[in-house]
Amino acid sequence: ATGDGIKLIVEELDSALRLVGGTAADGASEVLGARYGDQVRDASRDGFHAVGNARDTVSMSKKGMLTALGVKAVDVAATPGQGASPAADEAKPSFAPPVICGPGS
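I will try to describe carefully the structure that is included in this document. (Residues numbered from 1 in each chain as written. Predicted model: local features only at pLDDT ≥ 70, side-chain atom pairs only at ≥ 80, totals over all residues. Heavy atoms only, no water.)

Details of the packing of helix α1 (residues 2-36) against helix α2 (residues 38-59)
Okay, step 1: One way to put it is that α1 packs onto α2 with a least axis distance of 7 Å and a crossing angle of 160 degrees. Taken together, the axis directions place α1 and α2 in an arrangement best described as roughly antiparallel. Crossing of α1 against α2: the hand is right-handed. Each of Asp14, Arg18, Ala25, Asp26, Ala28, Ser29, Glu30, Leu32, Gly33 and Tyr36 in α1 lies in contact with α2, whose residues at this interface are Asp38, Val40, Arg41, Ser44, Arg45, Phe48, His49, Arg55, Asp56 and Ser59.
Okay, step 2: Across the contact of α1 with α2, the residue classes break down as six nonpolar, five polar and nine charged. (Axes fitted to C-alpha atoms, helices over the stretch in contact; angles between N-to-C directions. Helix = DSSP H or I, 4+ residues; strand = E, 2+ residues; numbered from the N terminus. Parallel < 35°, antiparallel > 145°, perpendicular 65-115°, else oblique. Left-handed = near helix turned anticlockwise from the far one by under 90°. Contact = heavy atoms within 4.5 Å. Nonpolar A, V, L, I, M, F, W, Y, C, P; charged D, E, K, R; others polar.)

Written out as structure tokens, the structure is:
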């Protein structure tokens, strides 16, 4: 139960930091826009949002990333048919990689 409480506190702190960071980024963009013009405001806002998105991606768990991409999480370390779970044997990504044909194919 203690672990769940700590996890909840960390999640709430992360949420609060996101809100503060977003507000600060928007405010900084407005200040830059007032001083240097609309293009600088828009570029700085886009840059701040890109940094925020990159932070979210880095902090996302591997399973969360796979879920966001629409891929089923599987135990890739287990060899199918040799002790892996039946779900790992049957799970396949929801997309197929492109087939690339080159010289000599």
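Some thoughts on the layout of surface pockets
Okay, step 1: When its volume is computed, the largest pocket comes out at roughly 310 Å³.
Okay, step 2: Taken together, 13 residues form the lining of the largest pocket, with Arg18, Gly21, Gly22, Phe48 and Gly52 sitting closest to its centre.
Okay, step 3: It is α2 that contributes the most residues to the lining of the largest pocket, seven residues altogether.
Okay, step 4: Across the lining of the largest pocket, the residue classes break down as four nonpolar, five polar and four charged. (1 Å grid on protein atoms, 1.4 Å probe; cavity = no way out; pocket = protein on both sides within 12 Å on 5 of 7 lines; lining within 4 Å. Points joined across faces, edges and corners; volume = space filled by probe spheres on them.)

Let's talk about the environment of Gly52
Okay, step 1: Summarising the element assignment, Gly52 is placed in helix α2.
Okay, step 2: Between the C-alpha atom of Gly52 and that of Ala25, which follows or precedes it by 27 residues, the distance is 9.6 Å.

What about the environment of Asp42?
Okay, step 1: Tracing the backbone shows Asp42 in helix α2.
Okay, step 2: Judged by relative accessible area, Asp42 falls into the partly exposed class, the value being 34%.
Okay, step 3: A sequence separation of twelve residues divides Asp42 from Glu30, and the C-alpha atoms of the two residues are 8.9 Å apart. (Buried < 20%, exposed > 50% of the residue type's maximum accessible area, 1.4 Å probe, protein only.)

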